[in-house]
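# Analysis of the macromolecular model
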There are 2 protein chains.
Amino acid sequence: MATLGDIGVAATINILSAFAFLSAFAFLRIQPINDRVYFPKWYLKGLRSRSLHTGAFVSKFVNFDFRSYLRFLNWMPAALQMPEPELIEHGGLDSAVYLRIYLIGLKIFIPIACLAFAVIVPVNWTNKTLEHSKLKYSNIDLLSISNVPLGSNRFWIHLVMAYTFTFWTCYVLKREYEIVAAMRLHFLASEHRQPDQFTVLVRNVPPDPDESVTQLVEHFFLVNHPDHYLTHQVVSNANKPSELVNKKKKMQNWLDFYQLKYSRNPSQKPSMKISLERDKVMCSSKSVIPAAFVSFKTRWGAAVCAQTQQTRNPTLWLTDWAPEPRDVYWDNLAIPFVSLTIRRLIIFVAYFFLTFFFMIPIAIVQSLANIEGIEKALPFLKPIIEVIPKTIGISIPMKATFFITYIMVDGWAGVAGEILRLKPLIVYHLKNFFLVKTENDREEAMDPGAIGFNTGEPQIQLYFLLGLVYAVVAPFLLPFIIVFFALAFVVYRHQVINVYNQEYESAAAFWPDVHGRIITALIVSQLLLMGLLSTKEAAQSTPLLITLPMLTIWFHRFCKGRYEPAFVRYPLQEAMMKDTLERAREPNLNLKSFLQIAYIHPVFKEVEESESDPASEESDQEPVLIPTKRQSRMNTPLPSKHSGSMTSLG
Amino acid sequence: MATLGDIGVAATINILSAFAFLSAFAFLRIQPINDRVYFPKWYLKGLRSRSLHTGAFVSKFVNFDFRSYLRFLNWMPAALQMPEPELIEHGGLDSAVYLRIYLIGLKIFIPIACLAFAVIVPVNWTNKTLEHSKLKYSNIDLLSISNVPLGSNRFWIHLVMAYTFTFWTCYVLKREYEIVAAMRLHFLASEHRQPDQFTVLVRNVPPDPDESVTQLVEHFFLVNHPDHYLTHQVVSNANKPSELVNKKKKMQNWLDFYQLKYSRNPSQKPSMKISLERDKVMCSSKSVIPAAFVSFKTRWGAAVCAQTQQTRNPTLWLTDWAPEPRDVYWDNLAIPFVSLTIRRLIIFVAYFFLTFFFMIPIAIVQSLANIEGIEKALPFLKPIIEVIPKTIGISIPMKATFFITYIMVDGWAGVAGEILRLKPLIVYHLKNFFLVKTENDREEAMDPGAIGFNTGEPQIQLYFLLGLVYAVVAPFLLPFIIVFFALAFVVYRHQVINVYNQEYESAAAFWPDVHGRIITALIVSQLLLMGLLSTKEAAQSTPLLITLPMLTIWFHRFCKGRYEPAFVRYPLQEAMMKDTLERAREPNLNLKSFLQIAYIHPVFKEVEESESDPASEESDQEPVLIPTKRQSRMNTPLPSKHSGSMTSLG
């Protein structure tokens, strides 16, 4: 039961710290020495290198161009300027769609907040329930549902608002699902020719006494997909040569560092070993895994094979879309099926017991939450509690002030801290000072990794839950959430443009989960409102309130049927269209040569490359710390006209 | 708390009534007058007609062959003699697999009962809990878990038994799933060439301003399945001519009856009308529904099209396997998609409110089930209840005697009543006496319909639930259940062979549901045991008991992954194999002519047939009640060597 003053103090502290973070960032980012911490994405794309800063030695580390200090908040509008299609090309569809989740927050909560402040706040405020009760309350509690007397007819207004908010949320969700599905389909349709469009991963090839795996695969697909099969690549367990390659890489690094010009022995030795191991792996049938990447002549053929069952036994000849080559986790392909099943059972058991034993602390809290339980455990609280008969409906909305403080700490200051990248900044400079020996090392030290979908998304979901739960109950929480969504949107858009490097592209395959979780939050909020109103003796509204989650579930099923297939299936018409276009444009395309090496184990690829053009020879003639315009493995577009970081510095 | 004597009385009554039903059946079935009630299946297959009984007029109604009275119980072994492959050919795979559910009951419960009587019964019996308590109890209650004292170490034996029973049940279920899946695949593989193997039902063809539905369908499949598309048949809304055809049929019947030899007007008129209506329907684009049956050159092509998504929009060009022609419900194909969606929403809402308001009576019962609630509602029960502290663990097993009585009434006498077919017997004779005018009418009066999966299956599931719940708690219930399963198996096997006529064949597609429901019963039984043991102060066994449903759920998921695909998907290898074989055997097969008329609306088919060979002309020359060897529309196999009904009568 924090007072308005308490919230004011918390807000001041958090706004000040957020502002401090943002100012520190604005200052640090224009120092050349931090360039690789705040703009690694541009280095990785090969659009920026250290050679930009020529001149005095000191100006390599500190920015003496005082004009740039005047424009130091430029990054905010700059982060918003890059249009979405360019953002998709620059940062990948996954990142662009991830940013849309923050946008949805704004789209849902800004209209809801306006309506809530126009309708619910006056309705709550013009009562005298709290004034007449013996509870302690602050001014802002007068704006919450706590201030409406028991059994009041005014609850009908809250009910109508709950319906309105639900319909609005569902409308926004439906539109977004539609847009994201269209974006995904457009992205897939406009993708360049890629090996994974033609390729299917086949697992659990059954053992055959007469034929090797590669023969078996070829025969099977020649028989069952006679018009479409093109070629295949068996998967080998190359974990051993893989280790050697890692070892070689380390050696190579030391070689670079010591500049041992004519003694190539330390690097040559593992390379020889690797060649031997590779031949061993390639020849021995033991290291061949009963799995293969099978490529087809057309996308249509691959789509058919990936989406159908091949044989009677559904655990043999399992086919699925091949992931793109850089997304293959080669070590895991070697795990046999039996082991996989057992691992799944173990995880299942562990998950169950985690959930089950988690009930123990919850049960304890539950027993305390029971008012009588509190009385017994903490008898000194008795006078406060006994004021009872129906304060639950009053005290729950009062918890809002706790969450407001939480939002300010985690959502405001936390997001501002994200842009400062304090930990990567320190780690990079420490590494740079103590560990970095070669350009390779520096690249590794600078590597920002991918944006953390796995931690960011649950955080967003918490805010959706809070917003939806408190929209009807205590709407004064909404502005704080809106500020979070707006700030996070700008900050993460900046980070996607300038910092993070997407590892691989799922083409927004995660969207059905995002949608489903917001729906869950919506249903939780409806159930809580139902419980709350029943304690406020407004039980006559229950049937209408039950209808609400029911309609929401139906809406979810509708969306699942209408939009989810775009995320899990690949329609044959699309495949046929791309095939036909390609055949018309490039009638003489040699697809086989394009696909034959796409899914070779990276170890063999690297060995072949290093054998054909030995990189070690190049390193002899060049200085150690030469800035290279290293081409990223991703497509490299032209530099953006709207890229804020380029205009403010270059 | 029935005593042993009470159960004995109930058993006597029910065994006597079951025996009376069986005797009455044995007597009635060999009277020729009832032949069409007890052996309609053989009439429908064309293997039996009234001409079998020649001789005196009276012997057409009453059986004077006294030797047959001596063999009157022959039907029981006879029903068991027909081997399963022949049964499948005779009664369809659905019926044969349905009978296996009763067999599973025997396979699960006979070993469980043996083990329970060898282990659990002695363990329960050698206690003196009930003797020392103030509860009323009968001798058989001494055999139940009620007789084990609180917190006894003997509960470990019950725990071990619960594990054993679960493992045994899962083992039987897994084996059966395997067998049924193999039976289904074998059945599908050995099926003759049928139109539904090559055909896909396409719904939601989008409207096009320039092309008619039939043009659109042809173009779409020529483009997207160029190598496989063969032909198609659009679906028309023929509900209006359909009504006229029904009218015509009635007229035809009256015509037969009155033998109006030269005045064909009453039949001719609707026939004319029908032709007009048909032309109207076929020409008008309004009555064409945006749906079509599309046929492919190969099973492979159809399997691909049926199991993939065609276009971006997952609500357009919906493809699915075509049902076999006699399984198409033509009237429903005309329902537009929007209407279907709305109907689904209405059903969803209705289902929800049914479940929701069902909670009200349950809540009332629940409040009574609360012991204190009973005390308040029925104060005179106080002395009995106050005996309380922990009789729940004692009184629940005592409910077993109620269920024993239930099993004897519903399971024993009820199943014996099923074979007597008292209602069809009376209805048939009444109809035969008052309504039957023509041979057609007689066939309709005799029609036994299909076996009632929809009512029979839930009944079996109740017995599975009872058996599994009481296996550990009160095993003396098991023999009663075993008798039910054995009796029902024999009776329904007899009925499948001699009475019921399968309408269409789903190739045992219902099996995953059967499996899932037995698993549910198993989990319910485990949860109830957990609750029971916790009231018996054996809570230290809880972690081990929680593991049990968890393992069961895992087993279910395993079975789902391993066997369910056989029931929902059609593997490409199978399709390719059948295609290749067929091409080798019949290289000059004209598939198009075979498929072109397969999916024409039955109304048009009948009109065409009646126009080409007018049946009305035949009826002129023949007497009204001529016995026809009507060929069934199903495949007619040779009469069975093992068919009990044939040997006992013929």
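As the structure is a prediction and not an experimental result, all values here were calculated from the model.

Per the secondary structure count, chain A includes 33 helices and 4 strands. Across the 650 residues in chain A, those meeting the buried criterion constitute 34%.

Let us look at the relation of the copies chain A and chain B. Copies of the same chain, two in number, are related to each other by a rotation about an axis and a translation along it. Of the transformation placing chain A onto chain B, the axial shift is 0.0 Å and the rotation is 180°, giving an RMSD of 0.1 Å. Put plainly, the chains are arranged around a two-fold axis. Of the C-alpha atoms belonging to chain A, the one lying closest to the rotation axis is found on Val 304 of chain A, 3.2 Å away. Both copies present the same face, since 100% of the interface residues in chain A are matched by interface residues at the equivalent positions in chain B.

Here the focus is the interface of chain A and chain B. Opposite the 31 residues of chain A that make contact, chain B presents 31 residues. Breaking the side of chain A that touches chain B down by element, the ones donating at least two residues are α12 (213-224), α15 (299-306), α17 (337-369), α27 (542-563), α28 (565-568) and α29 (572-585) of chain A. It is α17 of chain A that provides the largest number of residues to the side of chain A that touches chain B, a total of 5 residues. Broken down by class, the residue content of the side of chain A that touches chain B amounts to 18 nonpolar, 8 polar and 5 charged.

Another aspect to go through is the packing of helix α22 (residues 422-434) of chain A against helix α23 (residues 439-446) of chain A. All names here are of chain A. Viewed as axis vectors pointing N to C, α22 and α23 meet at an angle of 165°, and their least axial separation amounts to 9 Å. Comparing the axis directions of α22 and α23 gives the class roughly antiparallel. Note that α22 runs across α23; the crossing there is right-handed. Residues Tyr 428, Lys 431 and Asn 432 of α22 lie in contact with α23, whose contacting residues are Arg 442, Ala 445 and Met 446. The residue inventory of the contact of α22 with α23, partitioned by class, reads 3 nonpolar, 1 polar and 2 charged.

This next bit is on the packing of helix α7 (residues 93-118) of chain A against helix α24 (residues 453-473) of chain A. Residue and element names in this part refer to chain A. It is the contact of α7 with α24, at a shortest axis distance of 11 Å, that shows an interaxial angle of 10°. The orientation of α7 with respect to α24, classified from their angle, is roughly parallel. Residues Tyr 98, Ile 101, Tyr 102, Gly 105, Phe 109, Ile 112 and Ala 116 of α7 pack against Phe 453, Ile 460, Tyr 463, Phe 464, Gly 467 and Ala 471 of α24. Its residues assigned to classes, the contact of α7 with α24 shows 11 nonpolar, 2 polar and no charged.

Turning to the sheet that holds strand β1 (residues 199-203) of chain B, a few remarks are in order. Residue and element names in this part refer to chain B. The 4 strands are arranged β2-β3-β1-β4 in an open sheet whose pairing can be described as antiparallel. Either end of the sheet is taken by a strand with one partner, and the two such strands are β2 (229-236) and β4 (318-321). Between one strand axis and the next, the sheet turns through 25° on average, direction left out of account. Relative to the sheet, helix α12 (residues 213-224) contacts β1, β2 and β3 (288-296), its axis offset from that of β2 by approximately 150°.

Turning next to unusual backbone geometry. The phi torsion at Asn 204 of chain A lies on the positive side, around 55°, for a residue other than glycine. By the element assignment, Asn 204 of chain A lies in the loop between β1 (199-203) and α12. Residue Arg 421 of chain B is not a glycine yet carries a positive backbone phi of 50°. Looking at where Arg 421 of chain B falls in the secondary structure, it is placed in the loop between α21 (400-420) and α22 (422-434). Given 21 C-beta atoms within 10 Å, Arg 421 of chain B falls into the buried group.

Looking now at the sheet that holds strand β4 (residues 318-321) of chain A. All names here are of chain A. With respect to topology, 4 strands assemble into an open sheet ordered β2-β3-β1-β4, the strand pairing being antiparallel. Only two strands of the sheet have a single neighbouring strand rather than two, namely β2 (229-236) and β4. Across the sheet, the mean angle separating the axes of adjacent strands is 25° when strand polarity is ignored. Of the strand pairs in this sheet, β1 and strand β3 (residues 288-296) are connected by 4 bridges, and their pairing is antiparallel. In the sheet register, Val 202 faces β3, and the bridge partner there is Ala 292. This element, α12, spans β1, β2 and β3 of the sheet and lies at about 150° to β2.

All names here are of chain B. The residue Asp 196 is located in helix α11 (residues 195-198) in this model. Remark: the alpha-carbon pair of Asp 196 and Ile 101, spanning 95 residues in sequence, is separated by 28 Å. Look past the residues within four positions of Asp 196 in its chain and what remains in contact with it is Trp 321, Ala 322, Pro 323 and Glu 324.

Residue and element names in this part refer to chain B. Taking 1.5 Å of rise per residue, the 22 residues of helix α27 (residues 542-563) would be expected to cover 32 Å, and the 32 Å separating its terminal C-alpha atoms lies within 8% of that figure. Buried residues of α27: Leu 545, Leu 548, Pro 549, Thr 552, Cys 559 and Tyr 563, and no others. With its buried residues spanning 85° around the axis, α27 presents them on a single face. Set apart from the buried face of α27 by more than 90 degrees, the exposed residues are Thr 542, Pro 543 and Gly 561. Where the residues of α27 are buried, they touch α10 (155-190), α26 (511-535) and α28 (565-568).

Residues and elements named next belong to chain A. Counted residue by residue, β2 has 6 buried out of 8 residues, so it is predominantly covered. In the sheet, β2 pairs with β3 via 7 bridges, with the strands oriented antiparallel. Bridging across to β3, Tyr 229 finds its partner in Phe 296.

Residues and elements named next belong to chain A. Within chain A, residue pLDDT values average 78, and 76% of them lie at 70 or more. Mean pLDDT per element in chain A: helix α33 (residues 644-649) is the minimum at 36, and α7 is the maximum at 94. In the predicted structure, residues 613-650 sits below a pLDDT of 50 and forms 55 contacts with residues beyond four places in sequence or in another chain. This complex was scored by the predictor with a pTM of 0.73 and an ipTM of 0.71.

Right, let's talk about the environment of Asn 147 of chain A for a bit. Residues and elements named next belong to chain A. Tracing the chain through its elements places Asn 147 in the loop between α9 (129-132) and α10 (155-190). Residue classification places Asn 147 among the buried residues on the basis of 22 C-beta atoms within 10 Å. Along the primary structure Asn 147 and His 132 are separated by 15 residues, whereas in three dimensions their C-alpha atoms are 9.9 Å apart. Leave out the neighbours within four places in its chain, and Asn 147 touches Asn 124, Trp 125, Asn 127, Thr 129, Leu 130, Asp 141 and Leu 142.

Here we come to α24 of chain A. With 21 residues, α24 of chain A extends 30 Å from end C-alpha to end C-alpha; this agrees with the ideal 30 Å at 1.5 Å per step. Considered for burial, the residues of α24 of chain A that qualify are Ile 460, Tyr 463, Phe 464, Leu 466, Gly 467, Leu 468, Val 469, Tyr 470, Ala 471, Val 472 and Val 473 of chain A.

All names here are of chain A. Structurally, the position occupied by Leu 545 is in helix α27. Residue Leu 545 is classed as buried on the basis of its C-beta count, with 22 C-beta atoms lying within 10 Å. As for Leu 545 and Gly 531, which are separated by 14 residues in sequence, their C-alpha atoms are 9.9 Å apart. Not counting residues within four places of it along the chain, the set of residues in contact with Leu 545 comprises Leu 159, Gln 526, Leu 529, Met 530 and Leu 533.

The rules behind each value
Residues numbered from 1 in each chain as written. Chains lettered and ligands numbered in written order. Predicted model: local features only at pLDDT ≥ 70, side-chain atom pairs only at ≥ 80, totals over all residues. Helix = DSSP H or I, 4+ residues; strand = E, 2+ residues; numbered from the N terminus. Buried ≥ 20, exposed ≤ 12 C-beta atoms within 10 Å, placed from the backbone. Least-squares fit on C-alpha atoms with pLDDT ≥ 70 in both. Contact = placed C-beta atoms within 7 Å. Nonpolar A, V, L, I, M, F, W, Y, C, P; charged D, E, K, R; others polar. Axes fitted to C-alpha atoms, helices over the stretch in contact; angles between N-to-C directions. Parallel < 35°, antiparallel > 145°, perpendicular 65-115°, else oblique. Left-handed = near helix turned anticlockwise from the far one by under 90°. Pairing = 2+ DSSP bridges. Expected span 1.5 Å × (residues − 1). Arc of directions from axis to C-beta. pLDDT = per-residue confidence, 0-100.

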